[in-house]
Amino acid sequence: MKVFLAVAVVALIHGSYATLLIKGPSEPVLEGERVTLECQYSDSELNISQVHFEAFSKYMQCWRPVAQRSWCFYSMQVEQTGDSLVMSIPYAGRYYEGPYRCVSDAENVTVEDKSSLPLAFKVHYMGELSLSRPGYSSYLGMPEELKVRLGDEVVVQCSASSSEEPNYFWNKDGDDWILPSSKLTLKKVTAMDGGRYTCMAEHPSVESLSKTRTISISVLPADAPWYASSNGRLVLMTSAAAVSLLVLILSMSVFLCRRAKQAKTSKGPIDDRSQKKPIYKSSVESLPSVSGDKQPLV
């Protein structure tokens, strides 16, 4: 919001005198559409070949030149056509909203010829729907079929990333009721609560942007084992992962302790230099012997 406010202030001050202009979408565009931006002089004799595009980085809070590179695997093309400089964005996404501006590299130019007014456009988008419930992280995900026991409480949350907060609705196949909420809550479920439930998300500004996601809820009989339910399987998976991690830690600890113990008890080769000297019968280090020769014993 602060960026667009600053752009509006600059436009108000600079608008009446600008000769370097930028043209682009005047209305919001849908994600995936092709967007074309154009730089041109209105009443100046300067050469358009000395002009380049710049985009404002919201993360670095500064203007950066737009190079002909691939953003998210979609190549941005910049080319000169006559007296205009045209930049094509083949696939408009949520990170392409700008603002953009045209900047001249020429020297000794006026402020009006140096840069154009900033231009920003809105990109409407909606991502895929995701379902979640207490106890299920985004890494484990939600199963397509949810098995619950009689009397359990079921809470399923529906969400989607979107340019504007979507409108959510829940309905059950075969029933005519519609729940205008992103959360589905079933308290003390019975066998009648089993079935297929569908969450729908609609974009508030673009009718064509809508997503659906369906989940099946099966109610187990009263005599079903606890591990047959989805919550039971989650507990088993979590417990198995914890036990495996504990066994790994214990195994590594035992291995390291044994290795340290072996390093302390092991001895290296004896380097006794006294055994390398020849021993004579008459020397202090002599050994008892009956022979009378003067030759060394070793």
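What you see as residue numbers is a count from 1 along each chain, following the sequence as written. Side-chain atom pairs in this predicted model are given and counted only at pLDDT of 80 or more, local residue features only at pLDDT of at least 70, and totals for whole chains, interfaces and linings cover all residues. Hydrogen atoms and water are omitted, and side-chain values are computed over all heavy atoms in the structure.

### What about the state of the cysteines?
What counts here: Working definition: a disulfide is two cysteine sulfur atoms within 2.5 Å of each other. Runs of H or I in DSSP of at least four residues are treated as helices and runs of E of at least two as strands, each being numbered from the N terminus. Burial classes: relative accessible area under 20% of the type maximum marks a residue as buried, over 50% as exposed, and values in between as partly exposed (1.4 Å probe, protein chains only).
For the structure on display, the rule yields 2 disulfides. The disulfide bridge from Cys39 ends at Cys102, spanning 1.7 Å between sulfur atoms. Judged by the sign of its S-S torsion, about -85°, the cystine formed by Cys39 and Cys102 is left-handed. Of this pair, Cys39 sits in strand S3 (residues 35-41) while Cys102 is found in strand S10 (residues 100-104), placing the two residues 63 residues apart along the sequence. Grouping residues by exposure puts Cys39 and Cys102 together as buried. Covalently, Cys158 is tied to Cys199 through a disulfide, its sulfur atoms 2.1 Å apart. Its S-S torsion of approximately -95° makes the covalent link between Cys158 and Cys199 left-handed.

### Topic: a nonpolar patch on the surface
How we decide: Patches here are clusters of residues that have more than 30% relative accessible area and form no salt bridge, with a 9 Å joining cutoff for like charges and a 5 Å cutoff for nonpolar side chains (Val, Leu, Ile, Met, Phe, Trp, Tyr). For the accessible areas, the method is Shrake-Rupley and the probe is 1.4 Å, while residue cover comes only from the protein chains on display. Every case where a carboxyl oxygen of Asp or Glu lies within 4 Å of a side-chain nitrogen of Lys or Arg is listed as a salt bridge.
Together, Leu245, Leu248, Ile249 and Met252 make up an exposed nonpolar region whose accessible area comes to about 390 Å². Structurally, Met252 is set in helix H3 (residues 230-265). The partly exposed category is assigned to Met252, whose relative accessible area is 43%.

### Some remarks on the sheet that holds strand S8 (residues 77-81)
Backbone-to-backbone hydrogen bonds join strands into a sheet, with any given pair of strands oriented parallel or antiparallel. Condition: Pairing between two strands requires that DSSP report at least two bridges joining them. For helices, the fitted line uses only the C-alpha atoms of the stretch in contact; every axis is such a line through C-alpha atoms, and the angle between N-to-C directions lies from 0 to 180 degrees.
Ordered in space as S1-S3-S9-S8, the 4 strands form an open sheet in which the pairing is antiparallel. Of all strands in the sheet, those bounded by a partner on one side alone are strand S1 (20-23) and S8. Within this sheet the neighbouring strands show an average axis-to-axis angle of 20°, counted without direction. Note: S3 against strand S9 (residues 84-89), 6 bridges, orientation antiparallel. The partner of Gln40 across the bridge, within S9, is Ser84.

### A few points about the sheet that holds strand S4 (residues 51-57)
The strand order S5-S4-S10 describes an open sheet built from 3 strands, whose pairing is antiparallel. Looking at strand neighbours, the two that pair on one side only are strand S5 (62-65) and S10, the edges of this open sheet. In this sheet, adjacent strand axes meet at a mean angle of 40° when their direction is disregarded. Of the strand pairs in this sheet, S4 and S5 are connected by 4 bridges, and their pairing is antiparallel. The residue of S5 that forms the bridge with Glu54 is Pro65.

### Observations regarding the pairing of S9
Burial analysis of S9 places 6 of its 6 residues in the buried class, the great majority of the element. Burial of S9 is two-sided: the residues Ser84, Val86 and Ser88 facing one way and the residues Leu85, Met87 and Ile89 facing the other way are all buried. Bridge analysis of S8 against S9 gives 5 bridges, and the strand direction is antiparallel. The partner of Gln77 across the bridge, within S9, is Ser88. Taken together, S8 and the strand that follows it, S9, pair antiparallel across an intervening segment of 2 residues, in which Gly82 is found at a positive phi of about 65°.

### Considerations on the confidence of the model for the chain
Low-confidence regions, as indicated by low pLDDT, have predicted coordinates that should not be scrutinised in detail. Counted only if it meets this: By definition, pLDDT measures how confident the predictor is in each residue, and it falls between 0 and 100. Residue contacts are defined here by distance: any two heavy atoms, one from each residue, within 4.5 Å place the two residues in contact.
Residue-level pLDDT values for the chain average 79, and 73% of them are 70 or greater. When the criterion is pLDDT under 50, residues 1-16 qualifies, and its contacts beyond four places in sequence or with other chains add up to 14 contacts.

### Focus on the nonpolar core
In plain terms, the rule: As used here, the term nonpolar core means buried Ala, Val, Leu, Ile, Met, Phe, Trp, Tyr and Cys residues forming a set that is joined through side-chain atoms within 4.5 Å.
Ranked by internal contacts, the top residues of the largest apolar core, which has 24 residues, are Leu37, Val51, Phe53, Met87 and Tyr100. Among the elements of the structure, S1, S3, S4, S9 and S10 are those that each provide at least two residues to this core. Of the residues forming this core, the biggest block, 4 residues, is contributed by S3. Each residue touching Leu37, except ones within four places of it in the same chain, is listed here: Lys23, Gly24, Pro25, Phe53, Leu85, Val86, Met87, Tyr100, Leu119 and Phe121. Residues Leu184, Val189, Tyr197 and Ala201 belong to the second largest nonpolar core, which totals 20 residues.

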